[in-house]
Amino acid sequence: VQLVESGGGLVQPGGSLRLSCAASGFTFSRYAMNWYRQAPGKEREWVAGINSAGGSTNYADSVKGRFTISRDNAKNTVYLQMNSLKPEDTAVYYCKAVIRSYDYWGQGTQVTVSA
């Protein structure tokens with residue numbers, strides 16, 4: 001199992017970024033996917049989740065209305081569109097898959113929101 005995040009970077013407050021997580025080594029279309037983030041000095045927190053077919057999504061209250069999770073099962077990729085970014089969104093963002101009760105994580109991608 002391999003998860004590879006990309007798309008992070010430095011953005012000004014109010015800006016947008018689109019993160020991608022490319023998955024391999026398992027049948028991607030069978031599993032829900034989640035995004036998490038970890039800010040400096042804080043615990044890792046759940047951000048958003050999507051079911052295997054992509055028809056059901058959930059969001060943390062802190063990002064609801066600003067972030068959108070989606071997936072393309074033909075490309076084995078899950079996305080996180082982040083709009084109206086705030087400095088408090090600064091963190092390393094990770095995607096996660098739970099397969100047979102085991103958590104698989106990517107290496108993370110840094111998102112910095114600063115003027």
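It should be noted that the structure appears before, not after, this text.
Residues numbered from 1 in each chain as written. Predicted model: local features only at pLDDT ≥ 70, side-chain atom pairs only at ≥ 80, totals over all residues. Heavy atoms only, no water.

K.L.:
Go over the sheet that holds strand β3 (residues 17-24), please, and point to the residues and values.
P.N.:
The four strands lie next to each other as β1-β3-β8-β7, forming an open sheet whose pairing is antiparallel. Each edge of the open sheet is held by one strand with a lone partner, namely β1 (2-6) and β7 (67-72). Ignoring which end each strand starts from, the neighbouring axes of this sheet average 15° apart. Pairing geometry for β7 and strand β8 (residues 77-82), over six bridges, is antiparallel. Each residue of the ladder has a partner; that of Phe 67, found in β8, is Met 82. (Pairing = 2+ DSSP bridges. Helix = DSSP H or I, 4+ residues; strand = E, 2+ residues; numbered from the N terminus. Axes fitted to C-alpha atoms, helices over the stretch in contact; angles between N-to-C directions.)

K.L.:
So, the state of the cysteines: which residues are in play, and what are the values?
P.N.:
The final tally for this structure, using the stated rule, is one disulfide. Sulfur-sulfur distance for the disulfide between Cys 21 and Cys 95 comes to 1.9 Å. Given an S-S torsion of about 55°, the disulfide between Cys 21 and Cys 95 has right-handed geometry. Within this pair, whereas Cys 21 is found in strand β3, its partner Cys 95 is found in strand β9 (residues 91-99), the two being separated by 74 residues in sequence. Exposure remark for Cys 95: the relative accessible area of 0% places this residue in the buried category. (Disulfide = S-S within 2.5 Å. Buried < 20%, exposed > 50% of the residue type's maximum accessible area, 1.4 Å probe, protein only.)

K.L.:
I'd like a rundown of unusual backbone geometry, residues and numbers included.
P.N.:
At Ser 84, a residue that is not glycine, the phi angle is positive and equals roughly 50°. By the secondary structure assignment, Ser 84 is in the loop between β8 and β9. According to the relative accessible area criterion, Ser 84 is partly exposed, its value standing at 42%. Phi is positive for Ser 101, close to 70°, though the residue is something other than glycine. A residue is classified by how much of its surface remains accessible, and Ser 101, at 74% relative accessible area, is exposed.

K.L.:
Go over the pairing of strand β10 (residues 102-105), please, and point to the residues and values.
P.N.:
Here four bridges tie β9 to β10, and the two strands are oriented antiparallel to one another. Paired with Lys 96 across the strands is Trp 105, a residue of β10. Connecting β9 to the antiparallel partner β10 that follows it, the hairpin turn spans two residues, and Arg 100 within it adopts a positive phi of roughly 50°.

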